[in-house]
Amino acid sequence: DSLTADLIHAVQLQAQVRLREGRHSIPLDKDDMRPQFWFDSKNSANDVIENDDSKKGCKISASFTIGSERFSLNEDLDTTKPTLSRSRPLVKSADLVLDPPLRLGNVAPTLLHFPDLFEDR
């Protein structure tokens, strides 16, 4: 009836998204007087200028691999390997690529104010 994390032996996840070109604010603080976190997504200087909007902005590629200790990726994904021969699942790799890199703004004020964004109950 319910799945638990110990049933996951291996996962390989890959994803790509493209951020729309431009400057984007993330209003983490309700007080507009405080500096808000922002990022700026631009085309790479090496990119040929194109009219295709799907090629503009920052491409973010992410990949994560979860598996058993001392197992290769093929062994991790092999369903014939007995459960008792596996370790508890662990994150074996995590990659994040921003192409081109994002410019970030107001990082320090955001980090200083970050604990105030959450309420303990």
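The sections below set out a description of the structure shown in this document. Throughout this description, residue numbers start from 1 for each chain and increase along the sequence as written. Only residues with pLDDT of 70 or above have their local features reported here, since the model is predicted, and side-chain atom pairs are shown and tallied only from 80 upward, although totals for entire chains, interfaces and linings are computed over all residues. With hydrogens and water set aside, each side-chain value is computed from the structure's full complement of heavy atoms.

## What to know about the overall build of the chain
Right, on to step 1. Helix and strand assignments follow DSSP, with helices taken as H or I runs no shorter than four residues and strands as E runs no shorter than two, numbered in order from the N terminus. Secondary structure summary: the chain contains two helices and six strands in total.
Right, on to step 2. Only protein chains enter the accessibility calculation, which uses a 1.4 Å probe; a residue is then buried when its area is under 20% of its type maximum, exposed when over 50%, and partly exposed in between. Buried residues in the chain amount to 21% of all 121 residues.
Right, on to step 3. The criterion used for residue contact is that any of the two residues' heavy atoms lie within 4.5 Å. Taking all contacts inside the chain whose residues are at least 6 apart in sequence as the whole, residues at least 24 apart take part in 67%.
Right, on to step 4. If you sum the accessible surface of the chain, you get close to 9,800 Å²; carbon and sulfur atoms cover 54% of it. All accessible areas in this document rest on Shrake-Rupley with a 1.4 Å probe, and a residue is counted as covered only by the protein chains that are shown.

## Digging into the environment of A10
Right, on to step 1. Relative to the assigned elements, A10 resides in the segment before β1 (11-19).
Right, on to step 2. Placed 64 residues apart in sequence, A10 and N74 show a C-alpha to C-alpha distance of 9.9 Å.
Right, on to step 3. Setting aside residues up to four positions removed in sequence, A10 forms contacts with I66, G67, D76 and L77.

## Here's the deal with the sheet that holds β1
Right, on to step 1. Judged by pairing direction, the sheet is antiparallel, and its three strands sit side by side in the order β1-β4-β5 without closing on themselves. In this open sheet, the two strands that pair with only one neighbour each are β1 and β5 (90-99). For this sheet, the mean inter-axis angle between neighbouring strands, taken without regard to orientation, is 10°.
Right, on to step 2. DSSP-based pairing: two strands are paired if at least 2 bridges between them are found. Looking at chain direction, strand β4 (residues 58-67) and β5 are connected through nine bridges and run antiparallel. The residue of β5 that forms the bridge with S63 is D95. Every angle, taken between N-to-C directions, lies between 0 and 180 degrees, and every axis is a line fitted to C-alpha atoms, over only the stretch in contact when it is a helix.

## Remarks on the sheet that holds strand β3 (residues 37-41)
Right, on to step 1. Spatially, the three strands line up as an open sheet ordered β2-β3-β6, and their pairing is antiparallel. Two strands bound the open sheet, and with one partner strand each, they are β2 (22-26) and β6 (103-105). Sheet twist, expressed as the mean angle between neighbouring strand axes with direction ignored, is 20°.
Right, on to step 2. Looking at chain direction, β3 and β6 are connected through three bridges and run antiparallel. Across the sheet, the residue bridging to D40 is R103, located in β6.

## With respect to the pattern of salt bridges
Right, on to step 1. Salt bridges are counted wherever a side-chain nitrogen of Lys or Arg sits within 4 Å of a carboxyl oxygen of Asp or Glu. In the structure shown here, the tally under the stated rule is four salt bridges.
Right, on to step 2. With a shortest N-O distance of 3.2 Å, D40 and R103 are connected by a salt bridge. Of this pair, D40 sits in strand β3 while R103 sits in strand β6, and the two are 63 residues apart along the sequence.
Right, on to step 3. For R103, a relative accessible area of 46% translates into the label partly exposed.

## Describing unusual backbone geometry
Right, on to step 1. For the bond running from D99 to P100, omega is -5°, close enough to zero to count as cis.
Right, on to step 2. Structurally, P100 is set in the loop between β5 and β6.
Right, on to step 3. Of note in this structure, R70 is not a glycine but carries a positive phi near 65°.
Right, on to step 4. Assignment of secondary structure puts R70 in the loop between β4 and α1 (73-76).
Right, on to step 5. We note that N106 has phi near 60°; this positive angle belongs to a residue other than glycine.
Right, on to step 6. The topology assignment puts N106 in the loop between β6 and α2 (107-113).

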